[in-house]
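Given next are the chains, with one letter for each unit.
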There are 2 protein chains.
Amino acid sequence: MKAYVYVSLKKSVLDPQGKTIHGALKKMGYRGIDDLRQGKYFEIALDDSVSREDAQAEVERIAREVLTNPVIEEYSFTIDG
Amino acid sequence: MKAYVYVSLKKSVLDPQGKTIHGALKKMGYRGIDDLRQGKYFEIALDDSVSREDAQAEVERIAREVLTNPVIEEYSFTIDG
């Protein structure tokens, strides 16, 4: 079973790295991009002995308590397989 | 229209940051995690004047030429809205 956790900066938090990439893309001639924000992405391989419900709870807890800084970041996750 | 680009290290490339997080989770008592790999994630807001076909092509090109180091990384992307 695989879990995918996405951590991104809250909308209200400035993202200088994203801004830099956005600016670079504009200079390179890419049109039609209004905004770009960068985040982190985690691919977690879970033991097959773990039930889907336990996986859901465990991944949620890991995302909230370990992978995300709640002051400036928010997370979402999906589980498949 | 929003595009989401996911960039991760190729399977054959070591991921020390992911290993460190994996080790930390184990020490914290999280069980059932076989592997953890970290990647990058980009959220791109596209101008509504861009057609879906153009967006598809442009995002693919940005992912391949700008956001990914083809020597060690691979990418995937989705477009919605």
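Above: the structure in question.
My aim in this report is to walk through the structure given alongside it, one point at a time. (Residues numbered from 1 in each chain as written. Chains lettered and ligands numbered in written order. Predicted model: local features only at pLDDT ≥ 70, side-chain atom pairs only at ≥ 80, totals over all residues. Heavy atoms only, no water.)

1. Some points on the interface of chain A and chain B
Interface size is often expressed as the accessible area that is lost when the parts come together. Taken together, the contact pairs 32 residues of chain A with 32 residues of chain B. Note on chain A versus chain B: buried area summed over both sides is about 2,800 Å², and carbon and sulfur give 60% of it. Broken down residue by residue, the surface that chain A buries against chain B is led by Tyr30, Tyr41 and Glu43 of chain A, which jointly contribute 21%. Linking chain A with chain B are two salt bridges, by the criterion used here. In this structure, Glu43 of chain B engages Lys11 of chain A in a salt bridge whose closest nitrogen and oxygen atoms are separated by 3.7 Å. One can count 14 residue pairs in polar contact (both at pLDDT 80 or more) joining chain A with chain B. Those elements that place two or more of their residues in the side of chain A that touches chain B are strand E1 (2–9), helix H1 (16–27), strand E2 (33–46) and helix H2 (52–67) of chain A. Considering every element that reaches the side of chain A that touches chain B, the biggest residue donor is E2 of chain A, with 14 residues. Each residue belonging to the side of chain A that touches chain B can be placed in one class, and the counts come to 17 nonpolar, four polar and eleven charged. (Contact = heavy atoms within 4.5 Å. Buried area = accessible area lost by both parts, 1.4 Å probe. Salt bridge = Lys/Arg side-chain N within 4 Å of Asp/Glu carboxyl O. Polar contact = N/O pair within 3.5 Å; in protein donor to acceptor, adjacent residues only side chain to side chain. Helix = DSSP H or I, 4+ residues; strand = E, 2+ residues; numbered from the N terminus. Nonpolar A, V, L, I, M, F, W, Y, C, P; charged D, E, K, R; others polar.)

2. A look at the nonpolar core
Counting 20 residues, the largest nonpolar core has Val5 and Leu46 of chain A as the members making the most contacts within it. Elements supplying a minimum of two residues to this core: E1, E2, H2 and strand E3 (73–80) of chain A together with helix H1 (16–27) and strand E2 (33–46) of chain B. Take this core: its biggest share by element is five residues, from H2 of chain A. Not counting the four nearest positions on each side in its chain, Leu46 of chain A is found in contact with Met1, Ala3, Ala55 and Val59 of chain A together with Gly32, Ile33 and Asp34 of chain B. Of all hydrophobic cores here, the second largest spans 19 residues; its members include Ile21, Tyr30 and Ile33 of chain A together with Ile79 of chain B. (Core = buried A, V, L, I, M, F, W, Y, C linked by side-chain atoms within 4.5 Å. Buried < 20%, exposed > 50% of the residue type's maximum accessible area, 1.4 Å probe, protein only.)

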